Amino acid sequence: MWRKIVIILCILFVGQCLLHYFSQRPLWLDEDYVFQSIATYQPMEIFGPLKTHQAFPRIHLFLITIFSAPFGNHVLALRFFALIAMLAAFLIWFKLYQKEFSAGPVLALLVLSFACSYRLTYYAAELKPYAMDVLVVAVYALFFRYQYRCREMSEPNRFMIAAAIALPTLVFFSYAGFFVMWISAYNFLVMSLKNKKCVTLLILNIVAIALSLIALYHVDLKHFMYYKGYYQYWNGSFLDTSSVLAFLDPFFEGIKKIVTYWNGTNKAFVQASVIFMPFFLFAIFYYGFRYFKEDRGGIYRLDTLALVLFFELIVFGILRKYPFTGERVTLFMAPLVFYLILKGMDALKRYKYLRCFFLGYYGIYSLVCLVNTFLIHLALY
């Protein structure tokens, strides 16, 4: 029964994405800012400063420019890569969820979390790189699990060598790559402390990361990273360290957004999902630190990955380099948030009725969000 339910929910997620995509809604303000560069510049000029000081991974934007030109820059062509990226990300996250939970209510609720998420289905049809962020983090998360299985390999296989060299180039498609690209090298370092065969992989990965960052700076980052207006736009989303009280207010507001931002579109949905915060916080700290210790410092599992990303957002928020928030620039956190909330609820196995109550509440809430998301996308026609 649960297998059939999961299949239906997978179809619903794909259907929600396609429903929004084929609505062909007009480009809105942020998309139009990006489109100005596509419409004005020749393809190779994309690797210089963009119109209106936009920050957009250049190779990603270059491919969109090349692909959409034969179609007259039709809105479906401009958003096509976002659709493919989100659908591919969903397949990977589904595979990762399956490795954590066998077919059952928790796996079904995780898939339902995708299907009901207004933000994930919305950014599956958006001329911005947020869907690619979700995909890139998913690819790395899957690779970290592969590293875990290969910790004691006798010889580095071809796939591992190719991945060590190629994965850092994903940063050209998504700035979220900054948050995860170093973890692969860190894991190779942890692996090499017990298995000298991994030293070669560590060196290859570090060189690939260094070369990717140098190239990225020259064709991309230097054109916007010194623009003060970019950081001023996110001014309210950074963490203030001037005092304890000044820090705590945006900090807890940021955690609230990270947990509640993804599904509904108004305050009622936010208020109804605040109850999920304790489960998220319990799971990210309890399982994150537990598995970090069990894996002897390795960052292989979703739990430890989520913990590391959370602390990275805190650090970059304090440095005022990246918003500490649950809004669109941290969309890549959404699949991990769903996972941690439900893992926290599933931990109540000793308290059967309490576990059933919270899982049931999550399911009812998600179904309401599913209907809400469907009606919003349908209203675009």
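Look up a bit, the structure's there.
The structure contained in this document is the topic of the report that follows.

The next thing to look at is the packing of helix H5 (residues 80-100) against helix H6 (residues 105-116). At their nearest, the axes of H5 and H6 sit 10 Å apart, and the two run at 160 degrees to each other. As judged from the angle between their axes, H5 and H6 are roughly antiparallel. Here H5 and H6 pass one another in a crossing that is right-handed. Within the contact between the two elements, H5 uses Phe 90, Trp 93, Phe 94, Tyr 97 and Gln 98 and H6 uses Leu 107, Leu 110, Val 111 and Phe 114. Class assignment of the residues belonging to the contact of H5 with H6 gives a composition of eight nonpolar, one polar and no charged.

Between two aromatic rings, the relevant description is the distance of the centres plus the angle of the planes. A complete count under the given rule lists 46 aromatic pairs for this structure. A ring pair is formed by Phe 179 and Phe 332, whose centres lie 5.4 Å apart and whose planes are at 35 degrees; its orientation type is tilted. Of this pair, Phe 179 sits in helix H10 (residues 177-192) while Phe 332 is found in the loop between helix H16 (302-318) and helix H17 (334-346), placing the two residues 153 residues apart along the sequence. Residue Phe 179 shares its accessibility class with Phe 332, and that shared class is buried. Relative to Phe 324, the ring of Phe 310 has its centre 5.9 Å away and its plane inclined at 65 degrees; by these criteria the two rings are edge-to-face. Placement of Phe 310 in helix H16 and of Phe 324 in the loop between H16 and H17 is noted, with a sequence separation of 14 residues between them. Feature note: the residues Phe 247, Phe 251, Phe 252, Phe 280, Phe 285, Phe 289, Phe 310, Phe 311 and Phe 324 constitute an aromatic cluster, connected by ring pairs. For the cation-ring pair, Arg 119 lies above Tyr 261, with the distance from its terminal atom to the ring centre recorded as 4.1 Å. Against the face of Tyr 287 rests Lys 343, its NZ or CZ located 4.5 Å from the ring centre.

Here Gly 298 shows up in the loop between helix H15 (277-294) and H16. Given a relative accessible area of 0%, Gly 298 falls into the buried group. Placed 256 residues apart in sequence, Gly 298 and Gln 42 show a C-alpha to C-alpha distance of 45 Å. Apart from residues lying up to four places away in sequence, Gly 298 is in contact with Tyr 186, Asn 187, Val 190, Phe 292 and Thr 304.

Our focus in this paragraph is the side chain of Ser 184. By the element assignment, Ser 184 lies in helix H10. Residue class for Ser 184 comes out buried when judged on its relative accessible area of 1%. Apart from the residues lying within four places of it in its own chain, the contact partners of Ser 184 are Tyr 140, Phe 143, Phe 144, Gln 147, Asn 205 and Ile 209.

Right, let's get into unusual backbone geometry. If you check the backbone angles, Asn 73 has positive phi at about 55 degrees while not being a glycine. Locating Asn 73 in the fold gives a position in the loop between helix H3 (58-68) and helix H4 (75-78). Residue Asn 73 is classed as partly exposed on the basis of its relative accessible area of 22%. One non-glycine residue, Arg 296, lies in positive phi territory at about 55 degrees. With respect to the helices and strands, Arg 296 occurs in the loop between H15 and H16. When its relative accessible area of 63% is taken as the criterion, Arg 296 is described as exposed.

It is worth spelling out the environment of Val 199 at this point. For Val 199, the position within the fold is in helix H11 (residues 199-219). Among the residues examined, Val 199 registers a relative accessible area of 31% and is labelled partly exposed.

Looking now at H17. If you check H17, its first and last C-alpha atoms are 18 Å apart, about what 13 residues at 1.5 Å a residue would give, namely 18 Å. The element H17 is extensively covered by neighbouring structure, given that 13 of its 13 residues are classed as buried.

Together, Leu 18, Phe 22, Val 371, Phe 374, Leu 375, Leu 378, Leu 380 and Tyr 381 give the surface a local cluster of nonpolar side chains, amounting to about 730 Å² of exposed area. Here the nonpolar patch takes four residues from helix H18 (residues 352-378), the largest share from any one element. Here Tyr 381 shows up in the segment after H18.

Definitions and limits used
- By convention here, each chain's residues receive numbers from 1 onward along its written sequence.
- It should be noted that, the model being predicted, local features are given only for residues of pLDDT at least 70 and side-chain atom pairs only at 80 or more, the latter also being counted only at that level, while totals for whole chains, interfaces and linings use all residues.
- Working from all heavy atoms in the structure, the side-chain values ignore hydrogens and water.
- Comment: axis = line fitted to C-alpha atoms, over the contacting stretch for helices; angle = value between 0 and 180 degrees taken between N-to-C directions.
- Helical segments are the DSSP runs of H or I of at least four residues, strand segments are the runs of E of at least two, and each set is numbered from the N terminus.
- Between 65 and 115 degrees an angle is taken as roughly perpendicular, under 35 as roughly parallel, over 145 as roughly antiparallel, and anywhere else as oblique.
- Helix crossings are classified by the rotation of the near helix relative to the far one: an anticlockwise turn of less than a right angle makes the crossing left-handed, while a clockwise turn makes it right-handed.
- Only heavy atoms enter the contact rule, under which two residues are in contact if any of them lie within 4.5 Å.
- Think of it as three bins: nonpolar holds Ala, Val, Leu, Ile, Met, Phe, Trp, Tyr, Cys and Pro, charged holds Asp, Glu, Lys and Arg, and polar takes everything else, Gly as well.
- The criterion for an aromatic pair is that two Phe, Tyr or Trp rings (for Trp, the six-membered ring) have centres within 6.5 Å, with stacked assigned to planes under 30 degrees apart, edge-to-face to planes over 60 apart and tilted to the rest.
- Burial here depends on accessible area, computed with a 1.4 Å probe over protein chains only, as a share of the maximum for the residue type. Under 20% is buried, over 50% is exposed, and the range in between is partly exposed.
- Two thresholds decide whether a charge sits over a ring: the Lys NZ or Arg CZ must be within 6 Å of the ring centre and within 35 degrees of the ring normal.
- A helix is expected to span 1.5 Å multiplied by its residue count minus one.
- Patches here are clusters of residues that have more than 30% relative accessible area and form no salt bridge, with a 9 Å joining cutoff for like charges and a 5 Å cutoff for nonpolar side chains (Val, Leu, Ile, Met, Phe, Trp, Tyr).
- Throughout, the Shrake-Rupley method with a 1.4 Å probe supplies accessible areas, and for residues the shown protein chains are the sole cover considered.
- Any carboxyl oxygen of Asp or Glu within 4 Å of a side-chain nitrogen of Lys or Arg constitutes a salt bridge here.

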